[in-house]
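# What the coordinates show
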Amino acid sequence: MAALITMPRLMSVGGGALAELPALMARLGLKHPLVVTDPYIARSGILDRATGLLDKAQILYSVFSDTVSDPTTEVIETGVAILGDGNFDSLVAIGGGSSIDTAKGMSVLFANGGSMRDWKVPATETDEKMLIAGLACCPAAAIVDYELTLSMPYRLTADTGIDSLTHAIEAYVSRRASPFTDGLARNAMGLIARHIRAACAEPDNRAAREAMMLGATTAGMAFSNASVALVHGMSRPIGAFFHVPHGLSNAMLLPEITAFSAPAALERYADCARAMGVAEEGEGSQAAVARLVDELHRLNGDLKVPSPQAYGIDRARYDELLPVMASQALASGSPANNPRVPTADEIIDLYRRVYA
Ligand SMILES: [Fe+2]
């Protein structure tokens, strides 16, 4: 079956790429953007650099910087109201993931109307992290400038790094993987596995930052076309109920879910071990997969990823929510892409296994 691939039309990738913002807008014929970002980026000087470029190019814009982490439907609807009030022809999102996600949500709502809940995949009840999909989520242009990550703190570097590694692994083992996404995913796994520790330990290590940014980008291109799987499916309810940052809740799950899933796709997981450089030359698939699971546990240890218990999640509350967490995980559709598709009871068992 042919794979359907969506990508930005333009990408500017490399140190200093931010400076290309006015040129990219000109190539797309865009003249009046609403800039979407968060209060941290607004204070950090990065927003000023972007708006300085727009000023210099005499591009008129407005700024919406009141986005929140784990974007709510309310924030997105506020943004859409601002978008509707001006004569904007484009959105420029400056991330953090949450402000980029907010802009995507605004784009979907503005293009299609209705409320955010109408665009959830699949449609269900409230109080959960919604997966939103559709072409309006894909930007016309992307700027990937690793220099903007040099100031990222340790925890964020570690968590977003493991999130990106999870994107690559899940895209590779996904039932919707294709030869096109496989290459991107393997590339990402190699870059991230070899550079994540240095990027965390040495924040000014430009080579490590650049490799991580490239890895995150190719992993993103892989999973947005091959989808994510069980780790992301189970991660969203942990994030929604206990306010664990997205990358961290993935990290808590990744080693155990890999061990659970690997028997159903041994060769694919062995390829992951090889792409990450943790398997020995000529080693069989079973041994390579064992090394992969070991490495994922070791990585969590090295990067100080807490268990849900160590993070402070109350055991009784966790246990009480397990059935609804499992049903939300399944309803998101992501577990259906996993090489081993779990039952609700198996998901509950996996949640219990990662708790301590
Ligand atoms: Fe993710």
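Up top is the structure.
Residues numbered from 1 in each chain as written. Predicted model: local features only at pLDDT ≥ 70, side-chain atom pairs only at ≥ 80, totals over all residues. Heavy atoms only, no water.

Ligation of the iron ion by protein atoms is provided by Asp163 (OD), His167 (NE2), His232 (NE2) and His246 (NE2), these donors lying 2.1 to 2.2 Å from the ion. Each of the four donor atoms around the iron ion contributes to a set of angles spanning 87 to 169 degrees, which defines the coordination as irregular. Written as a sequence motif, the donor residues of the iron ion are D-x3-H-x64-H-x13-H. On the criterion of sequence distance, the pair formed by Asp163 in helix H6 (residues 154–173) and His232 in helix H9 (residues 230–242) is long-range, its members being 69 residues apart. The residues Asp163 and His232 share a single accessibility class, namely buried. (Donors = N, O, S within 2.8 Å, 3.2 Å for Na, K, Ca; no water. Tetrahedral: all angles 85-135°; square planar, octahedral: opposite > 155°, others 65-115°. Helix = DSSP H or I, 4+ residues; strand = E, 2+ residues; numbered from the N terminus. Buried < 20%, exposed > 50% of the residue type's maximum accessible area, 1.4 Å probe, protein only.)

Quick look at the state of the cysteines now. For the structure on display, the rule yields zero disulfides. Looking at the unpaired Cys138, the closest cysteine sulfur is the one in Cys137, lying at 8.7 Å. Accessibility expressed as a relative area gives 27% for Cys138, which makes it partly exposed. (Disulfide = S-S within 2.5 Å.)

Moving on, we come to the pairing of strand S1 (residues 10–13). Here S1 shows a clear split, with Leu10 and Ser12 buried on one side and none of Met11 and Val13 buried on the other. Note: S1 against strand S5 (residues 141–144), four bridges, orientation parallel. Bridge pairing links Met11 to Ala142 in S5. (Pairing = 2+ DSSP bridges.)

Of all hydrophobic cores here, the largest spans 67 residues; its most connected members are Ile169, Met189, Met234, Met276, Tyr318, Met325 and Tyr351. Sequence-distant contacts of Met234, defined by excluding residues within four places in its chain, comprise Leu253, Ile257, Ala329, Ile347, Leu350 and Tyr351. In terms of nonpolar packing, the next biggest core, distinct from the first, is built from 14 residues, Leu34, Phe64, Val75 and Cys137 among them. (Core = buried A, V, L, I, M, F, W, Y, C linked by side-chain atoms within 4.5 Å. Contact = heavy atoms within 4.5 Å.)

As a further point, take the sheet that holds strand S4 (residues 90–93). The strands making up a sheet are joined through hydrogen bonds of the backbone, oriented either antiparallel or parallel. What the three strands build is an open sheet, ordered S3-S2-S4; its pairing is parallel. Two strands lie at the open edges of the sheet, namely strand S3 (62–64) and S4, each paired on one side alone. Strand after strand, the sheet turns through a mean of 30 degrees between neighbouring axes, direction not considered. Bridging between strand S2 (residues 33–36) and S3 involves three bridges; their strand directions are parallel. For Val35, the partnering residue across the bridge sits in S3 and is Val63. Across the face of the sheet, helix H4 (residues 73–85) comes into contact with S2, S3 and S4 while running at roughly 170 degrees to S3. (Axes fitted to C-alpha atoms, helices over the stretch in contact; angles between N-to-C directions.)

Helical periodicity: at 3.6 residues per turn, an α-helix aligns residues three or four positions apart in one direction. For H6, with 20 residues, the first-to-last C-alpha span of 29 Å sits near the 28 Å given by 1.5 Å per residue. Counting buried residues in H6 gives 16 out of 20 residues, a clear majority hidden from the surface. (Expected span 1.5 Å × (residues − 1).)

A cis geometry characterises the amide bond from Gly95 onward to Gly96, with omega recorded as -10 degrees. Note on placement: Gly96 falls in the loop between S4 and helix H5 (97–112). One non-glycine residue with positive phi stands out, namely Gln58, at about 55 degrees. Inspection of the secondary structure assignment puts Gln58 in the loop between helix H3 (46–56) and S3. For Gln58, a relative accessible area of 74% gives the class exposed. One non-glycine residue, Lys304, lies in the positive phi region at around 55 degrees.

Once that is clear, we can look at the pattern of salt bridges. Enumeration over the complete set of coordinates arrives at 13 salt bridges. We note a salt bridge from Arg197 to Glu295, for which the minimum N-O separation is 3.1 Å. Of the two residues, Arg197 is situated in helix H7 (residues 179–201) and Glu295 in helix H12 (residues 285–302); the sequence distance between them amounts to 98 residues. In this structure, the salt-bridge partner of Arg298 is Glu295, at a minimum N-O distance of 2.7 Å. Of this pair, Arg298 and Glu295 both sit in helix H12, three residues apart, which is roughly one turn of that helix. Note on Glu295: relative accessible area 6%, which makes it buried. Sharing partners across several salt bridges, the network here consists of Arg197, Glu295, Arg298 and Asp302. (Salt bridge = Lys/Arg side-chain N within 4 Å of Asp/Glu carboxyl O.)

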